[in-house]
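# Observations on chain architecture
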Amino acid sequence: MNNFDYAQAFSRNIGWVTEAEQARLRETRVAIGGLGGVGGVHLLTLARLGISKFSIADFDVFDIVNFNRQIGALTSTIGRSKLEVLSEMLRDINPDVDLRIFPDGVNQGNIDSFLEGVDVYVDGLDFFVFEARRVTFSACESKGIPVVTAAPLGLGVALVVFGPGSMSYEEYFGFKGCRDELDLAINFLVGLSPAMLQRGYVADMSRVNLRERRGPSCIAACQLCAGVAAVEVLKLALKRPGVRMAPWASQFDAYRMKYICTWRPWGAKNPIQRLMGFLVRRQLGV
C-alpha cells in the first residue's frame, strides 16, 4: 500500500525553498549518466531534494571493489545491475517518481532520448569515459541543457558548470588538441581542479596511474560531491542567481580545509592551465 505523500515527505525543505519552488523542483527532470561513485549518491540526494523526474543510464553491475565509495554497493547487491539497485532505492524514497532508464549507458544512439525533456544534466560518468562524456556534453551544449560536474578529487570536491553563455566544454578542457587518452586524462583533471588542492597529500603515488586508468577514491569525497551538485541543480532549476559557469571552477578540499574559486579565460590554452598540466605530468612521471 502506498501511503506516500509528497508534500509531507519534503516539507522540511520548505524554508530553504518556498512551497512554489518545491513544486517546481517536483517537475524538474534531471539526467544522470553513470551510477557509480558519484552518480548513485547524486541520484538519491536529488530525490531527497524533492526532484521527481529522472533519466538515468548505466550498464555496469556492483562488485566488491565498489564498497569503499558507491552508495548501492552491498553484500546483497554484488553482481546486480547498478541501474536496477538504484532504481529500487530511488522508488523507496519517492514511489511516485517519473523514471526513465537506459541500461546500455549513454551513447550516440540513445542520447536524444536520454536528454528528452531534461532540465539539468549531472555528470556521473567514470573519470576515464571520455567518448561518452563528449557525446553527452556536446548534446547538452547543442540543446542548451546545463551540465553540472562535481568530481571527487582527493578528499574534496571540484566543481565545473557548463550551460548557455558559458565557455564550451571543448574550449575549457581542450580535448581536441589531445594526442592520446593520457592527454585527455590530464586535461580533464586540470580542468576539473585548476587549483589541484589534492596534490599535496597523496599517501601512495604508486596507486595513481592514468595510463592504466586507476587512482584512489573515497566515500567522503563522493558525499561532498553530492551536496555541492544538488545545490547547483537547485539554483539552476529555480533560476536562482549565483551559478558561476566555465571558465569559472571551484574546489573545496576537506582535508586541507581550503576553498578556492578559479577563473581561467582561454580554458585549456590559459598559461596557468598549461603550467599546471606540466606539473601534473612531472608529478606522475609521464
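Heads up: the structure comes first, above all this text.
Figured I'd write up the structure that's included with this text. (Residues numbered from 1 in each chain as written. Predicted model: local features only at pLDDT ≥ 70, side-chain atom pairs only at ≥ 80, totals over all residues. Heavy atoms only, no water.)

### A closer look at the overall build of the protein
- Of regular secondary structure, the protein possesses 10 helices and 8 strands.
- Against the compact-globule benchmark of 19 Å for 286 residues, the protein has a radius of gyration of 18 Å, which places it among compact chains.
- Burial analysis of the protein (286 residues in total) assigns 50% to the buried set.
- Averaging the locations of the 32 positively and 29 negatively charged side chains of the protein gives two centres separated by 8 Å. (Helix = DSSP H or I, 4+ residues; strand = E, 2+ residues; numbered from the N terminus. Rg over C-alpha atoms; globule rule 2.2 N^0.38 Å. Buried < 20%, exposed > 50% of the residue type's maximum accessible area, 1.4 Å probe, protein only. Lys, Arg positive; Asp, Glu negative; His and termini not counted. Charge placed at Lys NZ, Arg CZ, Asp CG, Glu CD.)

### Regarding the environment of Leu 155
- Of note, Leu 155 is situated in the loop between strand E5 (147-153) and strand E6 (156-162).
- Judged by relative accessible area, Leu 155 falls into the partly exposed class, the value being 28%.
- In this structure the C-alpha to C-alpha distance between Leu 155 and Gln 198, which are 43 residues apart in sequence, comes to 7.2 Å.
- Leave out the neighbours within four places in its chain, and Leu 155 touches Tyr 201, Cys 218, Ala 221, Leu 224, Asp 253, Ala 254 and Tyr 255. (Contact = heavy atoms within 4.5 Å.)

### Structural notes on the pairing of strand E7 (residues 248-253)
- Strand direction decides the pairing type here: E6 and E7, joined by 4 bridges, are antiparallel. In the strand pairing of E7, Gly 156 is matched with Asp 253.
- Bridge analysis of E7 against strand E8 (residues 258-263) gives 6 bridges, and the strand direction is antiparallel. Considered in E8, the bridge of Ser 250 is made with Cys 261. (Pairing = 2+ DSSP bridges.)

### Comments concerning the pattern of salt bridges
- Going through the model one piece at a time under the given rule, you end up with 14 salt bridges.
- For Glu 27, the salt bridge goes to Lys 53, with nearest N and O atoms at 3.0 Å. Of this pair, Glu 27 sits in the loop between helix H2 (19-26) and strand E1 (29-33) while Lys 53 sits in strand E2 (residues 53-57), and the two are 26 residues apart along the sequence.
- One salt bridge in this structure joins Asp 123 and Arg 133, with 2.8 Å as the shortest N-O distance. (Salt bridge = Lys/Arg side-chain N within 4 Å of Asp/Glu carboxyl O.)

### Description of a nonpolar patch on the surface
- Together, Ile 64, Val 65, Phe 67 and Ile 78 give the surface a local cluster of nonpolar side chains, amounting to about 370 Å² of exposed area.
- Here Ile 64 is to be found in the loop between E2 and helix H4 (82-93).
- Residue Ile 64 is classed as exposed on the basis of its relative accessible area of 54%. (Patch = residues over 30% accessible without salt bridge, like charges linked within 9 Å, V, L, I, M, F, W, Y side chains within 5 Å. Areas by Shrake-Rupley, 256 points an atom, 1.4 Å probe, with all protein chains shown as cover.)

### Thoughts on helix H10 (residues 271-284)
- Taking 1.5 Å as the rise per residue, H10 with 14 residues should run 20 Å; its terminal C-alpha atoms sit 20 Å apart, in good agreement.
- Lining the buried residues of H10 we find helix H8 (181-192).
- Where H10 begins, the capping side chain belongs to Asn 270, and its oxygen is found 2.8 Å from the backbone nitrogen of Ile 272.
- At the C-terminal side of H10, Gly 285 shows a positive phi close to 70°. (Expected span 1.5 Å × (residues − 1). Polar contact = N/O pair within 3.5 Å; in protein donor to acceptor, adjacent residues only side chain to side chain.)

### Re the environment of Gly 267
- The topology assignment puts Gly 267 in the loop between E8 and H10.
- Among the residues examined, Gly 267 registers a relative accessible area of 0% and is labelled buried.
- For the pair formed by Gly 267 and Asp 112, sequence separation is 155 residues and the distance between their alpha carbons is 28 Å.
- With near-sequence residues (within four places) excluded, Gly 267 lies in contact with Met 167, Glu 171, Tyr 172 and Gln 273.

### Re the nonpolar core
- Of all hydrophobic cores here, the largest spans 44 residues; its most connected members are Phe 114, Leu 115, Tyr 121, Phe 162, Tyr 172 and Phe 173.
- Looking at this core, the elements with two or more residues in it are helix H5 (111-114), helix H6 (130-143), E5, E6, helix H7 (169-173), H8 and H10.
- With 8 residues, the top contributor of residues to this core is H8.
- Sequence-distant contacts of Phe 162, defined by excluding residues within four places in its chain, comprise Phe 137, Pro 146, Val 147, Met 167, Ser 168, Tyr 169, Tyr 172, Phe 173, Met 245 and Ala 246.
- Val 17, Leu 49, Val 120 and Ala 230 belong to the second-largest nonpolar core, a separate cluster that totals 40 residues. (Core = buried A, V, L, I, M, F, W, Y, C linked by side-chain atoms within 4.5 Å.)

Any functional reading would require information beyond the geometric quantities listed.
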